[in-house]
Amino acid sequence: MKLGAWFADTTVSVRVSADKLVGCAVSYGEAAWAVIYAAIAPVLVIFGLLSFDVSTGITQFQGAGTIVILAILLGSFIAAFMLALHTSFKDSAIIAAVTTVTSVALALLIRGLT
């Protein structure tokens, strides 16, 4: 129930932010695919990092390595919106930022109500 409510709210947030902030007309289906891609892409990056860990034996990332990994995760999150919504990197970054803030706020609200 909570996951369904979060998914619906996030999908609406993607659609509204794409329409109002970027000026890109997005259907609910495209917005739903953007949410799915944005959930899967960072997970695939993490699996890739775990594979790197197994093959090289490097288990800790410190300093600049940590910043690079965070940048790669952020890039994969934004790339998911680029793929699903067919927008530029800048527009996808705006949509991703607004959607993240909105979905966190709505998740906290849903959590507080139930």
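The structure under discussion appears in the preceding block.
Calculation rules
- Within any chain, residue numbers begin from 1 and follow the written order of that chain's sequence.
- Per-residue local features are limited, in this predicted model, to residues with pLDDT of at least 70; the limit for side-chain atom pairs, both in listing and counting, is 80 or more; totals at the level of whole chains, interfaces and linings are taken over all residues.
- Water and hydrogen atoms were dropped before computing side-chain values, which therefore reflect all heavy atoms in the structure.
- Grouping into patches uses exposed residues only, defined as over 30% relative accessible area, and leaves out salt-bridged ones; the cut-off is 9 Å for like charges and 5 Å for nonpolar side chains (Val, Leu, Ile, Met, Phe, Trp, Tyr).
- Computed by Shrake-Rupley with a 1.4 Å probe, the accessible areas treat only the displayed protein chains as cover when residues are assessed.
- Basic side-chain nitrogens of Lys or Arg form a salt bridge, by our definition, when they fall within 4 Å of a carboxyl oxygen of Asp or Glu.
- Working definition: helices are DSSP H or I runs of at least four residues, strands are E runs of at least two. Numbering for both runs from the N terminus.
- Classification of residues uses two cut-offs on accessible area relative to the type maximum, computed with a 1.4 Å probe and protein chains only: under 20% is buried, over 50% is exposed, and between them is partly exposed.
- Should any heavy atoms of two residues lie within 4.5 Å, those residues are counted as being in contact.
- By convention, a stacked pair of Phe, Tyr or Trp rings (six-membered ring in the case of Trp) has centres within 6.5 Å and planes under 30 degrees apart, an edge-to-face pair has planes over 60 apart, and any other such pair is tilted.
- The criterion is that NZ of a Lys, or CZ of an Arg, lies within 6 Å of the ring centre and within 35 degrees of the ring normal, and then a charge sits over that ring.
- The length a helix should cover is 1.5 Å for every residue beyond the first.

1. Some points on a nonpolar patch on the surface
Move 1: Taken together, the side chains of Ile40, Val43, Leu44, Ile46, Phe47 and Leu50 make up a nonpolar region of the molecular surface, amounting to roughly 550 Å² of accessible area.
Move 2: Its place among the elements puts Ile46 in helix α2 (residues 28-56).
Move 3: With relative accessibility at 40%, the residue Ile46 sits in the partly exposed group.

2. Topic: the side chain of Ser17
Move 1: Within the fold, Ser17 resides in helix α1 (residues 2-22).
Move 2: Residue Ser17 is classed as buried on the basis of its relative accessible area, which comes to 4%.
Move 3: Excluding residues within four positions of it along the chain, Ser17 makes contact with Val22, Ile95, Val98 and Thr99.

3. As for the packing of aromatic side chains
Move 1: A complete count under the given rule lists two aromatic pairs for this structure.
Move 2: For the pair Trp33 and Tyr37, a centre-to-centre distance of 5.7 Å together with 45° between the ring planes defines the contact as tilted. In this pair, Trp33 and Tyr37 are both assigned in helix α2, four residues apart and thus about one turn of the helix distant.
Move 3: We note Arg15 situated over the ring of Tyr28; from NZ or CZ to the ring centre the distance is 4.3 Å.

4. Regarding helix α3 (residues 64-85)
Move 1: Across its 22 residues, α3 extends 31 Å between first and last C-alpha, which sits within 8% of the 32 Å expected from 1.5 Å per residue.
Move 2: Downstream of α3 by one or two residues, His86 has phi in the positive range, about 55°.

5. Thoughts on the pattern of salt bridges
Move 1: Applying the stated criterion across every chain yields a total of one salt bridge.
Move 2: Note that Asp19 and Lys20 form a salt bridge whose closest N and O atoms lie 4.0 Å from each other.
Move 3: On the basis of relative accessibility, which here comes to 64%, the residue Lys20 falls in the exposed class.

6. Digging into the side chain of Ser103
Move 1: On the secondary structure map, Ser103 appears in helix α4 (residues 89-113).
Move 2: Relative accessible area serves as the criterion here: at 11%, Ser103 is assigned to the buried category.
Move 3: Excluding residues that lie within four positions of it along the chain, Ser103 makes contacts with Trp6 and Thr10.

7. As for the environment of Pro42
Move 1: Mapping Pro42 onto the fold places it in helix α2.
Move 2: The class of Pro42 is buried, set by a relative accessible area of 16%.
Move 3: Distance from Pro42 to Leu21, taken between C-alpha atoms, is 24 Å for residues 21 residues apart in sequence.
Move 4: If near-sequence neighbours (up to four positions away) are discounted, Pro42 is found in contact with Tyr37, Leu73, Ser76 and Phe77.

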